[in-house]
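Residue-level structure breakdown
Listed here are the chains, written in short residue letters.
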Amino acid sequence: MTDRTGAAHAIVRCCRRLWEAGLIAGADGNVSVRLGPDRLLVTPRGRLKADLTPEEMVEVSLDGAHLSGSHRASTELDLHLRIYRRSPEAGAVVHAHPPTATGFALAGQSLPPDLLPETVLLLGQVPLVRYATPSTPALGDLVEPMIAGHVALLLANHGAVTWAPDLALAQIRMESLEHAARIVLAARAVGTPVPLTPEQLASLEHRRGSSTHG
Ligand SMILES: [Zn+2]
């Protein structure tokens, strides 16, 4: 169980940081934290993320019913609910529009999984989900089958979503996703990126399975 006040403050800090890092603009993006087995706290609809206060957060049940809060929940609530329902270990979800990672998604590309150790350790495979209109159940329908076995997804012509047992790691994953995309883009501008060898990848996978993230 996560306490509501602590979660609300953590979401405010996360949104502020996403905005400061340029991973969202204006009312873009949405963040949620699981408060218990059947309820979560999520950012409100249509508010500037950089200016949110803890009191504005909206508590909803896992089936999407409004439980408390004076605002309506994020328009992307369905995306969050699908992840919590499909991934019992998910304790927090971050959806943002990180510019370079979203550039990959606009070009119809997933993030190469075999170039950077940090990508392997923190993100694993980051597949590209086909386009569906944001904030509609059609997006959730495409995302849902890709949740198992992943912790981050690119959304075609839209953005990215990450999740983790806690908000700190979900946020780290979003920042790392964007940073990795920038590095891959730089490598492609310089020349042809050299993939890690199967042995190097196996060594990283071993570390991923045996240690927590540093
Ligand atoms: Zn979005």
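Worth saying up front: this structure is predicted, and the values here are computed from it rather than measured.

Looking at the packing of helix H1 (residues 4–20) against helix H6 (residues 167–190)
- Between H1 and H6, the least distance of the axes is 11 Å, while the angle of their chain directions is 10 degrees. Judged by the inter-axis angle, H1 sits roughly parallel to H6. Side by side, H1 and H6 meet where Ala 10, Ile 11, Cys 14, Arg 17 and Leu 18 of the first sit next to Leu 167, Gln 171, Met 174 and Glu 175 of the second.
- Residues that form the contact of H1 with H6 fall into these classes: six nonpolar, one polar and two charged.

Description of the coordination of the zinc ion
- Taken together, His 95 (NE2), His 97 (NE2) and His 158 (NE2) make up the protein donors of the zinc ion, found 2.0 to 2.1 Å from the metal.
- Sequence spacing of the donors to the zinc ion: H-x1-H-x60-H. Residue His 97 is found in the loop between strand E5 (92–96) and helix H3 (99–106), and its partner His 158 is found in the loop between strand E7 (152–155) and strand E8 (159–164); the two are separated by 61 residues along the sequence.
- Taking the relative accessible area as the measure of exposure, His 97 reaches 23% and is therefore partly exposed.

Things to note about the sheet that holds strand E4 (residues 66–68)
- An order of E4-E3-E2-E1-E5-E8-E7-E6 is seen for the eight strands of this open sheet, with the pairing classed as mixed. Two strands in the sheet have a free side with no partner beyond their single neighbour: E4 and strand E6 (128–129).
- Sheet topology note: the strand E1 (residues 30–36)/strand E2 (residues 39–42) ladder contains four bridges and is antiparallel. Paired with Val 33 across the two strands is Leu 41, which belongs to E2.
- Along the sheet, H1 makes contact with E1, E2, strand E3 (58–61), E4 and E5, crossing E1 at roughly 160 degrees.

Points about the nonpolar core
- Of all hydrophobic cores here, the largest spans 39 residues; its most connected members are Leu 167 and Leu 177.
- Elements supplying a minimum of two residues to this core: H1, E1, E5, H3, E7, E8 and H6.
- Apart from residues no more than four positions distant in its own chain, Leu 167 is found in contact with Ala 10, Ile 11, Cys 14, Val 31, Val 33, Ala 92 and Val 94.
- If you look at the next biggest cluster of nonpolar residues, it comprises 23 residues, including Val 60, Leu 79, Val 93 and Ala 132.

Thoughts on the side chain of His 158
- With relative accessibility at 11%, the residue His 158 sits in the buried group.
- Looking at His 158, its side chain comes within polar contact range of the side chain of His 95, at 3.1 Å.
- In this view, His 158 contacts Glu 76, His 95, His 97, Thr 102, Leu 106, Pro 134 and Leu 139; residues no more than four positions away in its chain are not counted.

Things to note about the pattern of salt bridges
- Enumeration according to the criterion identifies ten salt bridges in this entry.
- We note a salt bridge from Asp 141 to Arg 82, for which the minimum N-O separation is 2.8 Å. With Asp 141 in helix H5 (residues 137–143) and Arg 82 in helix H2 (residues 77–86), the pair connects residues that are 59 residues apart, well separated along the chain.
- Accessibility expressed as a relative area gives 47% for Asp 141, which makes it partly exposed.
- For Arg 82, a relative accessible area of 9% translates into the label buried.
- Salt bridges linked by common partners bring Asp 78, Arg 82, Arg 86, Asp 141 and Glu 144 together as one network.

Cut-off values and rules
- Residues numbered from 1 in each chain as written.
- Predicted model: local features only at pLDDT ≥ 70, side-chain atom pairs only at ≥ 80, totals over all residues.
- Heavy atoms only, no water.
- Axes fitted to C-alpha atoms, helices over the stretch in contact; angles between N-to-C directions.
- Helix = DSSP H or I, 4+ residues; strand = E, 2+ residues; numbered from the N terminus.
- Parallel < 35°, antiparallel > 145°, perpendicular 65-115°, else oblique.
- Contact = heavy atoms within 4.5 Å.
- Nonpolar A, V, L, I, M, F, W, Y, C, P; charged D, E, K, R; others polar.
- Donors = N, O, S within 2.8 Å, 3.2 Å for Na, K, Ca; no water.
- Buried < 20%, exposed > 50% of the residue type's maximum accessible area, 1.4 Å probe, protein only.
- Pairing = 2+ DSSP bridges.
- Core = buried A, V, L, I, M, F, W, Y, C linked by side-chain atoms within 4.5 Å.
- Polar contact = N/O pair within 3.5 Å; in protein donor to acceptor, adjacent residues only side chain to side chain.
- Salt bridge = Lys/Arg side-chain N within 4 Å of Asp/Glu carboxyl O.

It is worth stressing that arrangement in space is one thing and function is another; only the former is reported here.
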